[in-house]
Amino acid sequence: DAGITQSPRHKVTETGTPVTLRCHQTENHRYMYWYRQDPGHGLRLIHYSYGVKDTDKGEVSDGYSVSRSKTEDFLLTLESATSSQTSVYFCAISESTRGTRYGYTFGSGTRLTVV
Amino acid sequence: GQQLNQSPQSMFIQEGEDVSMNCTSSSIFNTWLWYKQDPGEGPVLLIALYKAGELTSNGRLTAQFGITRKDSFLNISASIPSDVGIYFCAGPLNNNDMRFGAGTRLTVKP
């Protein structure tokens, strides 16, 4: 176990409601990432964090916000969920920017369904 | 945005057969990574490649960094049922943006 936990594992929510997904790591890694996985698209970067309170947008950030108040926790919030945000969400961690060279460690994912 | 094109999208093979899949890009990459995703889990790194022409093995898996730096290949020899899953190629757009292909879904029939 790489020390990365996502919660919840599954969630069904209604359109228009706010949703927060949590990623918790015990590795003390500086970099954390949120991806979404959809058929035909692979994994796409939503937001990432390079330290406490330091975050930036990824390829598909519209409709999402993130927060990182502690090294170990990275939260992804859907302000007002839409059906297009039905997806599987993965958190990943990396000790440094060399993660793009040596790979990220991924959590087990959160399957979110917006009805 | 930058796209990595993986093919085939899916493969259905018999146990014991060899498998080949590839990934192409319109841009040059300095690193190619191959991940495997088991059902219900996150992707796990299989192989990393850093130099054009590089050939790297991990057990029955062999991956190559294409000499044009715009493609990479993954081969699995003598497939077994636990090879089932989705295989992703990935490459870094920059230090904080790893791009992934859409994946090749492998099914192995016993």
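Residues numbered from 1 in each chain as written. Chains lettered and ligands numbered in written order. Predicted model: local features only at pLDDT ≥ 70, side-chain atom pairs only at ≥ 80, totals over all residues. Heavy atoms only, no water.

Novice: In this structure, what is going on with the pairing of strand S5 (residues 43–49) of chain B? I would like to understand it.
Specialist: Looking down a regular strand, the side chains alternate between one sheet face and the other. All names here are of chain B. Extensive coverage of S5 is indicated by the burial of five of its seven residues. Sheet topology note: the strand S4 (residues 32–37)/S5 ladder contains six bridges and is antiparallel. Across the sheet, Tyr-35 pairs through a bridge with Leu-45, a residue of S5. (Buried < 20%, exposed > 50% of the residue type's maximum accessible area, 1.4 Å probe, protein only. Helix = DSSP H or I, 4+ residues; strand = E, 2+ residues; numbered from the N terminus. Pairing = 2+ DSSP bridges.)

Novice: Is there a simple way to think about the interface of chain A and chain B in this case?
Specialist: Bring the parts together and some accessible area is lost; that lost area is often taken as the interface size. On the side of chain B, 24 residues touch chain A, which itself brings 23 residues to the contact. Overall, the association of chain A and chain B removes approximately 1,900 Å² of surface from exposure, summing both partners, and the carbon and sulfur fraction of that is 51%. For chain A, the biggest contributors to the area lost against chain B are Leu-43, Thr-100 and Arg-101 of chain A; these three give 30% of the whole. The interface formed by chain A and chain B holds one salt bridge in total. Two residues, Arg-99 of chain B and Glu-59 of chain A, come together in a salt bridge whose shortest N-O distance is 3.5 Å. Where the side of chain A that touches chain B is concerned, the elements lending two or more residues are strand S4 (31–38), strand S5 (42–51) and helix H1 (99–102) of chain A. (Contact = heavy atoms within 4.5 Å. Buried area = accessible area lost by both parts, 1.4 Å probe. Salt bridge = Lys/Arg side-chain N within 4 Å of Asp/Glu carboxyl O.)

Novice: In this structure, what is going on with the state of the cysteines? I would like to understand it.
Specialist: Chemically, a disulfide is nothing more than a covalent bond linking the sulfur atoms of two cysteines. Residue and element names in this part refer to chain B. For the coordinates displayed, the defined rule picks out two disulfides over all chains. Each sulfur of the disulfide joining Cys-23 and Cys-89 lies 1.9 Å from the other. Judged by the torsion about the S-S bond (50°), the Cys-23/Cys-89 disulfide is right-handed. Of this pair, Cys-23 sits in strand S3 (residues 19–25) while Cys-89 is found in strand S9 (residues 85–94), placing the two residues 66 residues apart along the sequence. (Disulfide = S-S within 2.5 Å.)

Novice: So what exactly am I meant to see when it comes to the nonpolar core here?
Specialist: One broad rule of soluble globular proteins: the nonpolar side chains tend to lie buried together. Core analysis: the biggest nonpolar cluster contains 21 residues, and Trp-32, Trp-34, Leu-74 and Leu-106 of chain B have the highest contact counts within it. Going through the elements one at a time, strand S2 (10–14), S3, S4, S5, strand S7 (61–65), strand S8 (71–76), S9 and strand S11 (104–109) of chain B are the ones with two or more residues in this core. (Core = buried A, V, L, I, M, F, W, Y, C linked by side-chain atoms within 4.5 Å.)

Novice: Could you clarify how one ought to interpret the sheet that holds strand S3 (residues 19–25) of chain A in this entry?
Specialist: Backbone-to-backbone hydrogen bonds pair the strands of a sheet. The strands run either parallel or antiparallel. Residue and element names in this part refer to chain A. Read from one edge of the open sheet, four strands run S1-S3-S8-S7, paired in antiparallel fashion. The outermost strands of the open sheet, each flanked by one partner alone, are strand S1 (4–7) and strand S7 (64–70). Shown here is a sheet whose adjacent strand axes are inclined to one another by a mean of 20°, direction ignored. Where S3 lies against strand S8 (residues 73–78), six bridges are found, and the strand directions are antiparallel. In the strand pairing of S8, Thr-20 is matched with Thr-77. (Axes fitted to C-alpha atoms, helices over the stretch in contact; angles between N-to-C directions.)

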